[in-house]
Amino acid sequence: MIRASQEVETVIATNDSRPSSGWILAGAITLLALADAALHFALDFVLFGGNLIGSGQPSGPPPSPPPGAAYGSGPPAGPPPMPFPLPLNQLFLLNAIGYVVLVAAFWLAPRCLGTWSWLVNVALIVYSAASIGGWIMVGMPNPSGLGYLSKAIEVVLIVLLVVHASRMLRARGAGAALSSGQPAA
């Protein structure tokens, strides 16, 4: 992942002469975060039939045993999944809302936080990492291929956020050096 981050940073650094490179990176971060929000929102419909708030039980009757098998036969169940503070359907909805809020903060941070706006990048990195951690805790499910797609988006998002934050911190350091009269490195 570090090598991929370095390669992405190299590609972005070569585009620094174009004023649009910062917008391209910020746009890619925005699109990835909103795509992951849409995937988590879609999971509420795929897994829970659109039940956004409620019990979080999958819709429909429980699955029947395979032909020839009786209930209770088969290998013993593994350890119970780690309990979450809310049902999964509500966590998916909150995850989607969280990404939308963080994207808004990402765009408002330069105006509101100034040189500290890189903190929103850190918040997005932690949020994405927590989403990956939660997915691992529930056993890495992959309904309709959306689990792996969501995690791939989050990994790329984390890499782009690291690149974006490092560029912001470098620019902040260069600005501080210029304001103190020292040459920038």
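Note: the structure precedes this text.
Residues numbered from 1 in each chain as written. Predicted model: local features only at pLDDT ≥ 70, side-chain atom pairs only at ≥ 80, totals over all residues. Heavy atoms only, no water.

1. Details of the overall build of the chain
Looking only at helices and strands, one finds five helices and zero strands in the chain. Seen in sequence order, the chain has helices and strands lined up from the N terminus as α-α-α-α-α. Taking all 185 residues of the chain together, the buried fraction comes to 31%. Contacts in the chain between residues at least 24 apart in sequence constitute 74% of all its contacts with a sequence separation of at least 6. Only carbon and sulfur atoms are counted for the fraction: they give 73% of the accessible area of the chain, which is about 11,200 Å². (Helix = DSSP H or I, 4+ residues; strand = E, 2+ residues; numbered from the N terminus. Buried < 20%, exposed > 50% of the residue type's maximum accessible area, 1.4 Å probe, protein only. Contact = heavy atoms within 4.5 Å. Areas by Shrake-Rupley, 256 points an atom, 1.4 Å probe, with all protein chains shown as cover.)

2. A short note on the environment of Tyr 148
Here Tyr 148 lies in helix H5 (residues 146-179). Along the chain, Tyr 148 and Trp 135 lie 13 residues apart, while their C-alpha atoms are 9.7 Å from each other.

3. Side note on the nonpolar core
A general trend in soluble globular proteins is that nonpolar side chains are found buried together. Grouped together as the largest cluster of nonpolar side chains are 27 residues, with contacts concentrated most on Ile 29, Tyr 99, Phe 106, Leu 124, Leu 157 and Leu 161. Mapped by element, the contributors of at least two residues to this core are helix H2 (21-48), helix H3 (88-112), helix H4 (118-137) and H5. Counting residues per element, this core draws most heavily on H2, at nine residues. If we ignore the near neighbours within four places in the chain, the residues touching Leu 157 are Ile 29, Leu 32, Ala 33, Tyr 99 and Ser 128. (Core = buried A, V, L, I, M, F, W, Y, C linked by side-chain atoms within 4.5 Å.)

4. Digging into the packing of aromatic side chains
This model, assessed by the stated rule, comprises seven aromatic pairs. Measuring from centroid to centroid gives 5.3 Å for Phe 41 and Phe 45, while their planes differ by 65°, and the two rings are edge-to-face. Taken together, the residues Phe 41 and Phe 45, both in helix H2 and four residues apart, mark about one turn of the helix. On the numbers, 5.6 Å between centres and 80° between planes, the contact of Trp 135 with Tyr 148 is edge-to-face. Of this pair, Trp 135 sits in helix H4 while Tyr 148 sits in helix H5, and the two are 13 residues apart along the sequence. Classification of Tyr 148 by relative accessible area gives partly exposed; the value is 48%. Clustering of aromatic rings is evident, with ring pairs tying together Trp 23, Phe 106 and Trp 107. (Phe/Tyr/Trp six-rings, centres within 6.5 Å; stacked < 30°, edge-to-face > 60°.)

5. Examining the packing of H2 against H3
Remark: H2 packs on H3, axes separated minimally by 8 Å, with the N-to-C direction vectors making an angle of 165°. Relative to H3, the element H2 lies roughly antiparallel. As H2 packs across H3, the resulting crossing turns out to be left-handed. Here the residues of the contact of H2 with H3 are counted per class, giving 19 nonpolar, five polar and two charged. (Axes fitted to C-alpha atoms, helices over the stretch in contact; angles between N-to-C directions. Parallel < 35°, antiparallel > 145°, perpendicular 65-115°, else oblique. Left-handed = near helix turned anticlockwise from the far one by under 90°. Nonpolar A, V, L, I, M, F, W, Y, C, P; charged D, E, K, R; others polar.)

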